[in-house]
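In case you want the letters, here they are:
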Amino acid sequence: MCGIVGYIGNKEAYPVLIKGLQRLEYRGYDSAGIALINGGTNIYKVKGKVKDLEESVKNKDISGTIGIGHTRWATHGEPNDVNAHPHMSENGIFTVIHNGIIENYSRLKSKLIDRGYSFKSETDTEVLANLIEHIYKVGNISAEIAVRLALTKVVGAYGLLVTCVDEKDQIIAARKGSPLVIGVGQGEYFFASDATPIIEYTNSVIYLNDNDVAIVTKDSLSLKTISNEKLLPKVQKLDLDIGEIEKGGYDHFMLKEIFEQSKSINDTFRGRLAIDNKDLILGGIHQVMPKLIDAKRIIIIGCGTSWHAGLVGEYLFEDLAKLPTEVEYASEFRYRKPVIYKEDIVIAISQSGETADTLAAIKLAKEAGATVIGICNVVGSSIPRETDAGVYTHAGPEIGVASTKAFTAQVTVLTMMALLLGRKRNVLGDEKFLKLLNELSQVPDKIAEILEQSDDIKQVSKLYSDAPNFLYLGRGYLFPVALEGALKLKEISYIHAEGYPAAEMKHGPIALIDEKMPVVVIATKDKSYEKIVSNIQEVKARKGVVIAVVTKGDSVIRGMADYVLEVPDSHAVVSPLLTVVPLQLLSYYIAVLRDCNVDQPRNLAKSVTVE
Ligand code: F6R
């Protein structure tokens, strides 16, 4: 959470910073600020969004070819102008923007207060700014050494940019735990939490690793570790298109991303699903395949929507590969003293590849000697670099805070993995393998068909946008879809919603049902169809409103439910990929009708880099 940008070169920094902050606003949007170096340092910062910052700098001096900017998701101190970044050290020598958490900030702050420092904000970042200044003044050393020494005293995570009034022509960047990318231009450098603010200027980038410090002027970049060991910067080429990070005519990124799912799943297939050769290739896990084949257990870890994808994975691995699978919230896993064996395969699922809880759980699994595989969307992010092997989802940048296309891409990868493993472990016969491969290959076209009904879904959403509660029910492969549908609704429309396995309804939630309670039942034709039909009858008997997601042409449920949303007929194994789409649209339209900020829901951030 929090987005950071920086620029050093010959251009005016302000437009680069503002555009960059807009691109990073998904990471946090409760306050924003910039510092521009032009002789002195001009800092402008406000509570609110980047547009509020733009408003606040009208008629102010925004010149300068060096600058840093920040968009905040508050951790220490409420969102207000004072707590917004950048933070300047007490004597104005250093200016800092920071993404992450300084865990020992309170101890450091007390020591600095004892040495005469005072603090304007409640943030951990101001502590860091003053710590750097204190070390700089006492040691009479360069800014770079002061930053490095200060960082050795810090416990926690940071991606940060620092400027110093005495060394005006440089920006110092450092990373531990929070992402930081440097774009390499001609006589200029760009800094950002991810590559999206950089791509329109250059596709040559350097991803900083943990404990890296970069000292950058417009003409030079020197990379070292915190402990002063020289490093060779590794310049990589970005494979990202500017069109992918723009709204492209849609009202919101979320809608664009929902509509992109036929394409994004085809991108997930690319080079992997070879339908003509009746084969699946997952190069990223090839080297760990012998371990996967012999594994006795898979543990899947993730948070939020990625955890829901993991739940689908549990059904897939047990059904298709006969591999016992457990799914854990990464945050609970790491604090539960879990029993992890060396032979275990741990699969970490994450769109951003930066989720702090998932990263910490990976560390634990690695320490226990397990083989860790990542399923991530953001190329070059931390999780792919921490894992033994992995598969990128290649869904393209997901900017709407509510995850949509990343979920379907994650489930697509898990389906491919389960199919491949089932075959390699000789538990899935050729005929079934090919049938399911074929089913999977049809998913993008079937999603396109579902998206054609978006107007019908919009009509249904109008009827229930004022409902205070929703219940979502599904069985088997569709239970995780019920959870995901409920999460989508609550996070973007702020309507309370709960997902349940349909059969659990009678063990409690049925007490909630009355004529005001919309119940979304995911009831496509599979082996538990008859049972879910009974569940629908139970809801109707209590006057509940049923919105059912059904297989196209299902007249039985159409006769019982208040509204039906159809999806094309498919095998149960791929049904989560289809049934989640109408639920995404339903949440989207309800949120729009409630005038909610769909792409940036309150209190949330796209990349949760704090624990
Ligand atoms: C929900 C959502 C979050 C994320 C969760 C994990 O729409 O976006 O629940 O799924 O924060 O994030 P990643 O997948 O980046 O690890």
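Being a predicted model, the structure only gives us computed values, none of them experimental. (Residues numbered from 1 in each chain as written. Predicted model: local features only at pLDDT ≥ 70, side-chain atom pairs only at ≥ 80, totals over all residues. Heavy atoms only, no water.)

Trainee: For the sheet that holds strand E20 (residues 345-350), give the residues involved together with the corresponding values.
Mentor: Across the sheet, five strands lie side by side as E19-E18-E20-E21-E22; this open sheet has parallel pairing. Since the sheet does not close on itself, it has two edges, and those belong to strand E19 (325-329) and strand E22 (389-392), each with one partner. Neighbour-to-neighbour, the strand axes of the sheet open up by a mean angle of 20 degrees, direction not taken into account. Running at roughly 140 degrees to strand E21 (residues 371-376), helix H13 (residues 405-424) makes contact with strand E18 (298-302), E20, E21 and E22 of the sheet. (Pairing = 2+ DSSP bridges. Helix = DSSP H or I, 4+ residues; strand = E, 2+ residues; numbered from the N terminus. Axes fitted to C-alpha atoms, helices over the stretch in contact; angles between N-to-C directions. Contact = heavy atoms within 4.5 Å.)

Trainee: I'd love a proper account of the sheet that holds strand E6 (residues 94-102), names of residues and values included.
Mentor: The strands making up a sheet are joined through hydrogen bonds of the backbone, oriented either antiparallel or parallel. Taken in spatial order, the seven strands of this open sheet run E5-E6-E7-E8-E12-E13-E14, and their pairing is antiparallel. With one partner strand each, in any of the chains shown, strand E5 (87-88) and strand E14 (230-231) form the two edges of the open sheet. Taken together, the six bridges between strand E12 (residues 212-217) and strand E13 (residues 220-225) define a ladder with antiparallel strand orientation. Looking across to E13, one finds that Ala-214 is bridged to Leu-223. The strands touched by helix H5 (residues 143-152) are E6, strand E7 (156-164), strand E8 (167-176), E12 and E13; relative to E8, the strand with the most contacts, the crossing angle is about 20 degrees.

Trainee: Provide a residue-level description of the pairing of strand E10 (residues 189-192), including the pertinent values.
Mentor: Alternating residues of E10 divide into Tyr-189 and Phe-191 and Phe-190 and Ala-192, and every residue in both groups is buried. Both strand E1 (residues 3-8) and E10 contribute to a ladder of four bridges, which runs antiparallel. Residue pairing across strands places Gly-6 opposite Phe-191, the latter belonging to E10. One ladder, built from four bridges, connects strand E9 (residues 181-184) with E10; its direction is antiparallel. Bridge pairing links Ile-182 to Phe-191 in E10. (Buried < 20%, exposed > 50% of the residue type's maximum accessible area, 1.4 Å probe, protein only.)

Trainee: Describe in detail the packing of aromatic side chains, supporting the description with residues and values.
Mentor: Following the criterion strictly, the structure yields nine aromatic pairs and no others. When the ring of Tyr-250 is compared with that of Phe-259, the centres are 5.8 Å apart and the planes differ by 35 degrees; the resulting orientation is tilted. Judged by its relative accessible area of 32%, Tyr-250 falls in the partly exposed class. Phe-259 sits in the partly exposed class, given a relative accessible area of 26%. One aromatic cluster is present, formed by Tyr-7, Phe-190 and Tyr-201 through successive ring pairs. Positioned above the aromatic ring of Tyr-529, the side-chain terminus of Lys-525 is 5.5 Å from the ring centre. (Phe/Tyr/Trp six-rings, centres within 6.5 Å; stacked < 30°, edge-to-face > 60°. Lys NZ or Arg CZ within 6 Å of the ring centre and 35° of its normal.)

Trainee: Give a description of the pattern of salt bridges that names residues and reports values.
Mentor: Evaluation of the coordinates by the stated rule reveals 27 salt bridges. Two residues, Glu-260 and Lys-256, come together in a salt bridge whose shortest N-O distance is 3.3 Å. The partner of Arg-297 in a salt bridge is Glu-326, with the nearest N and O atoms 3.1 Å apart. Taken as a pair, Arg-297 in the loop between helix H8 (289-294) and E18 and Glu-326 in strand E19 lie far apart in primary sequence, 29 residues in all. We classify Arg-297 as buried; its relative accessible area is 14%. Residues joined in a network through salt bridges with shared partners are Lys-19, Arg-23, Glu-200 and Glu-246. (Salt bridge = Lys/Arg side-chain N within 4 Å of Asp/Glu carboxyl O.)

Trainee: For a positive patch on the surface, give the residues involved together with the corresponding values.
Mentor: A cluster of basic side chains, namely Arg-107, Lys-111, Arg-115 and Lys-153, defines a positive patch on the protein surface. With respect to the helices and strands, the residue Arg-115 is situated in the loop between helix H3 (105-114) and helix H4 (124-139). (Patch = residues over 30% accessible without salt bridge, like charges linked within 9 Å, V, L, I, M, F, W, Y side chains within 5 Å. Areas by Shrake-Rupley, 256 points an atom, 1.4 Å probe, with all protein chains shown as cover. Lys, Arg positive; Asp, Glu negative; His and termini not counted. Charge placed at Lys NZ, Arg CZ, Asp CG, Glu CD.)

Trainee: Tell me about helix H14 (residues 430-441), residues and numbers included.
Mentor: Taking 1.5 Å as the rise per residue, H14 with twelve residues should run 16 Å; its terminal C-alpha atoms sit 16 Å apart, in good agreement. What H14 keeps buried is the set Phe-433, Leu-436, Leu-437, Glu-439 and Leu-440. Down the axis of H14, the smallest arc covering the buried residues is 160 degrees, so these residues share one side. (Expected span 1.5 Å × (residues − 1). Arc of directions from axis to C-beta.)

Trainee: Outline the nonpolar core, supporting the account with residue identities and numerical values.
Mentor: As a rule of thumb, soluble globular proteins bury nonpolar side chains together. Ile-285, Ile-347, Phe-470 and Tyr-472 are the most contacted members of the largest nonpolar core, which totals 92 residues. A per-element tally of this core places helix H20 (residues 575-593) first, with eleven residues. When we break this core down by domain, the ones giving at least three residues each are domain 2 (247-441) and domain 3 (448-611). Among the nonpolar cores identified, the runner-up in size contains 32 residues, and Val-5, Tyr-14, Tyr-44 and Val-205 belong to it. (Core = buried A, V, L, I, M, F, W, Y, C linked by side-chain atoms within 4.5 Å. Domains from an automatic or database assignment.)

Trainee: Provide a residue-level description of the side chain of Lys-109, including the pertinent values.
Mentor: Mapped onto the elements, Lys-109 comes out in helix H3. The side chain of Lys-109 is buried and forms no salt bridge, while Glu-126, the nearest opposite charge, is found at 6.1 Å. If we ignore the near neighbours within four places in the chain, the residues touching Lys-109 are Phe-119, Ser-121 and Val-127.

Trainee: Tell me about helix H1 (residues 13-24), and name the residues and values.
Mentor: In this model H1 runs 16 Å from its N-terminal to its C-terminal C-alpha over twelve residues, within 8% of the 16 Å that 1.5 Å per residue would give. Counting buried positions along H1 yields nine of twelve residues, so the element is predominantly enclosed. Where H1 is concerned, the buried positions are Ala-13, Tyr-14, Val-16, Leu-17, Ile-18, Gly-20, Leu-21, Arg-23 and Leu-24. Check the buried side of H1 and you find it contacts E1, strand E2 (31-38), helix H2 (50-56), strand E4 (66-72) and E10.

Trainee: Mind laying out the site of the ligand, listing which residues take part and the relevant values?
Mentor: Ser-306, Ser-350, Ser-352, Thr-355 and Glu-491 are the nearest of the 15 residues found near the ligand. Computed on the free molecule, the ligand has an accessible area of 410 Å², of which 90% lies beneath the protein chains in the complex. Of all elements in the fold, only helix H9 (304-320) and helix H17 (479-493) reach the threshold of two or more residues within the shell around the ligand. Of the residues assigned to the shell around the ligand, the class counts are five nonpolar, eight polar and two charged. Taken domain by domain, the shell around the ligand gets at least three of its residues from each of domain 2 (247-441) and domain 3 (448-611). (Near = heavy atom within 4 Å. Nonpolar A, V, L, I, M, F, W, Y, C, P; charged D, E, K, R; others polar.)

Trainee: Go over the pairing of strand E24 (residues 496-501), please, and point to the residues and values.
Mentor: On a regular strand, each side chain points to the face opposite its neighbour's, so the side chains alternate between the two faces of the sheet. Note that strand E23 (residues 469-474) and E24 share six bridges and pair parallel. From the neighbouring strand, Leu-473 faces E24, where its bridge partner is Tyr-500. The parallel pair E23 and E24 is bridged by H17, and the resulting crossover is right-handed. (Right-handed = clockwise from strand over helix to strand, strands pointing away.)

All quantities given are derived from atomic positions and should not be read as evidence of function.
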